[in-house]
Amino acid sequence: MQVNKLEWLIATENRKLLWTSILWTAGLTSVYAQALFTRAYATWFEQGIAIGLCFAAGALIGNIARSLVTYIGVIVTTVVILIFLSVQPLSTEYLSTVGVAVIQRILLIAIFREIFPFPVILSLAASLVGSAMGERYV
Amino acid sequence: MQSASTAWKITTIQALAVVFVAVIAVEVGVATSSTANYFQFYKALAEMQVRLALEVGPLQGDQSANSNVTAVFSIENPTGYGSMIMRALGANFRVVNSTNDNQIQGSTGLDAGSPPTALNPNVVENVTINFHMLLPAANYKFLFTVTLDLSTFLDTLSLLQSSFSCDTSQSQGCTLVSITPRSIGLPGGGGGL
């Protein structure tokens, strides 16, 4: 019964794509959020995990065009979630208005420095290589 | 041959999917912990508590009216935030005679007192500063401005300093005056918070 439910969740290509993109977003967001809130930049190890996730997600999707479109959606959603998470606890209850603005600016710089430009290029390449390998071998 | 190939394909996809889900599950767990900690960061900055215990007495073995001043600053992070380090503490002090308004001023420099200390939740860290005054201590009140140089997760972009004002004529603890970021390699710098 449980196996049937699991099979139903991934029974069609669209459902598989939906689950892969949800997990992909959760994975990338987690890697970058953990790095951001610990030291405000991602180490090579963390970038490696992000690239590995992109490779695996691309292989699971197994279609270059779909991988490309999904990757763009995933990276945009990840950035939006990271911005939301980082500014959410900022409040004038704790800091002045100027302070909130200064910290917001620093956090935005940290997020963009963490993801752009090389990590995003390497992740995109990994997902495309993964999807090409998925198409051909898996 | 065809069915063996199909079986291999399913196994590879399933194995990849299992690894994919497992890595994400671990990452989500780690990130949730970091994010929950981060959500208390600003509260920790704003609610940091500094208290001052001051002992003023005559300088031992000194027949003149010189005084020995021992200031013990107690720093406490009353929140659950667990990744803040006090890199250094410094104090500017002003000693005012309440009868004739005579003043003396001084500064300890920012490295006075202690080595870098983790400001763990609800743990009080004490920093002691000693100095001598070439004056008798009677009728003087002490005004300290304490600066904490903080090491936080933002260290690669901005160093944070918290300043507190401590007035010995008032019984309550020190008051937070400002939180100032010193930007590192960012255009425009930063202002007081």
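For the structure, see preceding data.
The text that follows walks through the structure, step by step, so that each part is easy to find. Just so we're clear, the structure is a prediction, and the values are computed from it rather than from any experiment. (Residues numbered from 1 in each chain as written. Chains lettered and ligands numbered in written order. Predicted model: local features only at pLDDT ≥ 70, side-chain atom pairs only at ≥ 80, totals over all residues.)

Quick word on the pairing of strand S2 (residues 67–76) of chain B
All names here are of chain B.
Here is step 1 of the chain: As paired strands, strand S1 (residues 49–58) and S2 are joined by 10 bridges and run antiparallel to one another. When the sheet's bridge partners are listed, Pro58 is paired in S2 with Ser67.
Here is step 2 of the chain: Inspection of the sheet shows S2 paired to strand S6 (residues 124–133) by 10 bridges, in the antiparallel sense. Directly across from Val72, in S6, lies its bridge partner Thr128. (Pairing = 2+ DSSP bridges. Helix = DSSP H or I, 4+ residues; strand = E, 2+ residues; numbered from the N terminus.)

Observations concerning helix H4 (residues 64–87) of chain A
Here is step 1 of the chain: A rise of 1.5 Å per residue sets the reference length of H4 of chain A, with its 24 residues, at 34 Å; its end C-alpha atoms lie 35 Å apart and thus fit the reference within 8%.
Here is step 2 of the chain: What H4 of chain A keeps buried is the set Ser67, Thr70, Tyr71, Val74, Ile75, Thr78, Val79, Leu82, Leu85 and Ser86 of chain A. (Expected span 1.5 Å × (residues − 1). Buried ≥ 20, exposed ≤ 12 C-beta atoms within 10 Å, placed from the backbone.)

Focus: unusual backbone geometry
In most cases, non-glycine residues show a negative phi, while peptide bonds are predominantly trans.
Here is step 1 of the chain: Along the chain, Phe116 of chain A connects to Pro117 of chain A via a cis peptide bond; the corresponding omega equals -10°.
Here is step 2 of the chain: Even without glycine at this site, Ala40 of chain A takes up a positive phi of about 70°.
Here is step 3 of the chain: Structurally, the position occupied by Ala40 of chain A is in the loop between helix H2 (13–39) and helix H3 (44–61).
Here is step 4 of the chain: The backbone phi angle of Asn122 of chain B is positive, close to 60°, even though this residue is not glycine.
Here is step 5 of the chain: Structurally, the position occupied by Asn122 of chain B is in the loop between strand S5 (117–118) and S6.
Here is step 6 of the chain: Among the residues examined, Asn122 of chain B registers 9 C-beta atoms within 10 Å and is labelled exposed.

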